[in-house]
Amino acid sequence: MKAFTLFTTGVEKIAEKMSSASYITIIRDSFIYAITLVIIGAFANLINNVLCNTTNGLAYFSQFAFLAKFSSIFTSINYATMNFLAIFIVFLIASHLSRIRNIDNILAGLVALISYVVLIPTEISTKTVSGDIVNVNNVVSSTYTGSQGLFLAMIVGIAATELFAKLQSIDQLKIKMPGSVPVGVSKQFNLLFPGIITVLAFGVVGYLFQLITGKSITDVIYTVLQQPMERVMQYPLGFTVLILLSQAFWVIGIHGSSMIKAVREPIALAAIAANLAAYQSGRAMENIFTIPFWNIFSTIGGAGNTIALIIAIFIFSKREDHRAIAKLSVVPAFFGINEPVIFGLPIVLNPLLAIPFILAPVLSALLGYYLTYIGFAGITMIQIPFTVPPLLNAFIASSGSIGLVITQVLAIILSTLIYIPFVRVANDLAEKDQSL
């Protein structure tokens, strides 16, 4: 019991520091918006494959062949979302941070966006049919506007907005306009020099970096920072640490997924974007860990795979209070909402139920990873809302992998087996209390 108290105290201190860090909150909130856009793009791709694909979709049949004509609609939607993630994130982060700094959020977002674009190479080398290398100028590669640019987008979104806000506080940079000038116009002139200096600063940094290293800052940030983190998260140790941290926060009553979102989302979104791009081009998908993978194996019925706890209670619990909570929680659990279980039983600050609550999602994720790694379960490439019910989420996210659905069933069974001994101990403890 003393060890559990020390554990919860330590997690509370970590949570306080993370919650007080405004940048963490800003990144988390920005990616919540970005996930909505990714879902739009993913479902456009799903509809395109189901309806318009002439090989595997409905358009394969002659009577529905006309559907293939509409493929470009969904392809365009997918392109407009999945290939501009970095652009969205720059603007969203700047917009969120500018509200905290009490400056114009729209202009701050645009200044940050320009600051990011000036760092992007605008020359692409491509090989012609004859094999010659041709340099194409005044173009921007989706390599830099898509998922590969997410980490630099976060850095620029924060740095550009902080610089822009700081410059606005310097009176010497403000253009004094006559009183007859409308307030809106006068305000924009006041922001002119801060905006110019901010954009110029990033242009100079990008130029000097290219001059000194011979490489663009976008490529270096991806190679040195983002790519290593993406690789780590594709191994069991990487995502296991994230799951453990998330569950630890839940145990002390803090929303664990929100706390680790700023770390998980950039990596997991980049992974699923890469999977979808590989799937569309006919290449093998390599990233097992994605946000759908997390939802399919680590939050079945909510954090801690508590749908398994509900099953265990229905079968083995003799406690009327636990059974009553389980009955109230079963419907929300199908849609990934489990606060009634977490705070009703409770699991929060409960050493007995905290153990399986932490173990179940970890072991389920490891099971899912192994069966996906050996090829039994399909890799996820469709981003879906966390509220999609179990089994259906596995089927949709993998574009129809029955192996992944079966693997999720096995994960539910495994999680139930983990919860059963602790449900029985809870029965025994209740009986002892009644006999006193």
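Before reading on, note that the structure itself is shown above.
Cut-offs and rules
Residues numbered from 1 in each chain as written. Predicted model: local features only at pLDDT ≥ 70, side-chain atom pairs only at ≥ 80, totals over all residues. Heavy atoms only, no water. Helix = DSSP H or I, 4+ residues; strand = E, 2+ residues; numbered from the N terminus. Contact = heavy atoms within 4.5 Å. Areas by Shrake-Rupley, 256 points an atom, 1.4 Å probe, with all protein chains shown as cover. Phe/Tyr/Trp six-rings, centres within 6.5 Å; stacked < 30°, edge-to-face > 60°. Lys NZ or Arg CZ within 6 Å of the ring centre and 35° of its normal. Salt bridge = Lys/Arg side-chain N within 4 Å of Asp/Glu carboxyl O. Buried < 20%, exposed > 50% of the residue type's maximum accessible area, 1.4 Å probe, protein only. Axes fitted to C-alpha atoms, helices over the stretch in contact; angles between N-to-C directions. Parallel < 35°, antiparallel > 145°, perpendicular 65-115°, else oblique. Left-handed = near helix turned anticlockwise from the far one by under 90°. Nonpolar A, V, L, I, M, F, W, Y, C, P; charged D, E, K, R; others polar. Expected span 1.5 Å × (residues − 1). Core = buried A, V, L, I, M, F, W, Y, C linked by side-chain atoms within 4.5 Å. Polar contact = N/O pair within 3.5 Å; in protein donor to acceptor, adjacent residues only side chain to side chain. Patch = residues over 30% accessible without salt bridge, like charges linked within 9 Å, V, L, I, M, F, W, Y side chains within 5 Å.

What am I meant to see in the overall build of the protein chain here?
Secondary structure summary: the protein chain contains 19 helices and two strands in total. Residue pairs at least 24 apart in sequence account for 70% of intrachain contacts in the protein chain once pairs closer than 6 positions are excluded. In the form shown here, the protein chain has an accessible surface area of approximately 20,900 Å², with 68% of it arising from carbon and sulfur atoms.

Before we go on, may I ask you to explain the packing of aromatic side chains in this structure?
Two aromatic rings are characterised by how far apart their centres lie and by the angle between their planes. On inspection of all chains with the given rule, the structure shows eight aromatic pairs. Grouping aromatic residues by their ring pairs yields a cluster made of Phe 239, Phe 289, Phe 293, Trp 294, Phe 297, Tyr 369 and Tyr 373. Positioned over the ring face of Trp 294 is Arg 264, at 4.7 Å from the centre of the ring.

For this particular structure, what's the right way to read the pattern of salt bridges?
Any two side chains of opposite charge can pair if their charged atoms end up close together. Within the structure shown, the criterion is met by five salt bridges. Where Glu 265 meets Arg 264, a salt bridge forms, and the shortest distance between an N and an O atom there is 2.9 Å. Residue Glu 265 is classed as buried on the basis of its relative accessible area of 0%. Two residues, Arg 319 and Asp 321, come together in a salt bridge whose shortest N-O distance is 2.9 Å. Residue classification places Asp 321 among the partly exposed residues on the basis of a relative accessible area of 38%.

Sorry, what's going on with the packing of helix H2 (residues 22-52) against helix H3 (residues 71-82) here?
Helix-helix packing is characterised by the crossing angle of the two axes and by the distance between the axes. Where H2 meets H3, the axes come as close as 8 Å, and the angle between the chain directions of the two elements is 155°. One element, H2, and the other, H3, form an angle in the roughly antiparallel class. Between H2 and H3 lies a crossing of left-handed hand. Only Ser 71, Phe 74, Thr 75, Ile 77, Asn 78, Thr 81 and Met 82 of H3 make contact with H2, whose side of the interface consists of Leu 37, Val 38, Ile 40, Gly 41, Ala 42, Ala 44, Asn 45, Ile 47, Asn 48 and Cys 52. Taken together, the residues of the contact of H2 with H3 break down into ten nonpolar, seven polar and no charged.

What am I meant to see in unusual backbone geometry here?
Following Leu 345, the chain continues into Pro 346 via a peptide bond in cis, with omega recorded as -5°. By the secondary structure assignment, Pro 346 is in the loop between helix H16 (339-344) and helix H17 (351-373). Phi angles above zero are rare outside glycine, and Asn 305 is one such case at about 55°. Here Asn 305 lies in the loop between helix H13 (291-298) and helix H14 (306-316). On the basis of relative accessibility, which here comes to 1%, the residue Asn 305 falls in the buried class.

Looking at this model, I keep getting lost on H17. Mind explaining?
Along an α-helix, residues three or four positions apart point the same way, because every turn accommodates 3.6 residues. For H17, with 23 residues, the first-to-last C-alpha span of 34 Å sits near the 33 Å given by 1.5 Å per residue. At the C-terminal side of H17, Gly 375 shows a positive phi close to 95°.

Looking at this structure, I do not really get the nonpolar core. What am I missing?
Side chains that are nonpolar tend, in soluble globular proteins, to be buried together. Ranked by size, the top nonpolar core spans 98 residues in total, and within it Phe 31, Ile 89, Tyr 116, Phe 289, Leu 309, Phe 357 and Ile 382 carry the most contacts. If we skip the residues at most four places from it in the chain, Phe 289 touches Met 233, Gln 234, Phe 239, Leu 242, Arg 264, Ala 268, Ala 271 and Trp 294. Core analysis: the second largest hydrophobic core is formed by seven residues, Ala 108, Val 111, Leu 191 and Val 199 among them.

Quick question: what am I supposed to make of the side chain of Thr 306 here?
Here Thr 306 is to be found in helix H14. Of note is the side chain of Thr 306, whose polar atom sits 2.9 Å from the side chain of Asn 338.

Honestly, the environment of Leu 391 in this entry has me stumped. Any pointers?
With respect to the helices and strands, the residue Leu 391 is situated in the loop between H17 and helix H18 (392-397). Accessibility expressed as a relative area gives 35% for Leu 391, which makes it partly exposed. In sequence terms Leu 391 and Ile 300 are 91 residues apart; their C-alpha atoms lie 9.4 Å from each other.

Sorry, what's going on with the environment of Ala 324 here?
Within the secondary structure layout, Ala 324 lies in helix H15 (residues 320-334). Overall, Ala 324 belongs to the partly exposed group, its relative accessible area being 38%.

I tried to follow a nonpolar patch on the surface on my own but got confused; where do I start?
A contiguous nonpolar patch, built from Tyr 370, Tyr 373, Ile 374, Phe 376, Leu 391, Phe 395, Ile 402, Ile 406, Val 409, Leu 410, Ile 413 and Leu 417 and spanning about 1,100 Å² of accessible area, is present on the exposed surface. When contributions to the nonpolar patch are tallied by element, the ones reaching two or more residues are H17 and helix H19 (402-435). At six residues, the largest contribution of residues to the nonpolar patch is made by H19. Structurally, the position occupied by Ile 374 is in the loop between H17 and H18.

Please clarify how the packing of helix H12 (residues 256-280) against H13 should be interpreted in this entry.
With their axes 8 Å apart at the nearest point, H12 and H13 run at an angle of 125° to one another. Classed by the angle they form, the pair H12 and H13 counts as oblique. Here H12 contributes Ser 257, Ile 260, Arg 264, Glu 265, Ala 268, Leu 269 and Ile 272 to the contact with H13, which in turn contributes Ile 291, Pro 292 and Trp 294. Of the residues belonging to the contact of H12 with H13, the class tally is seven nonpolar, one polar and two charged.

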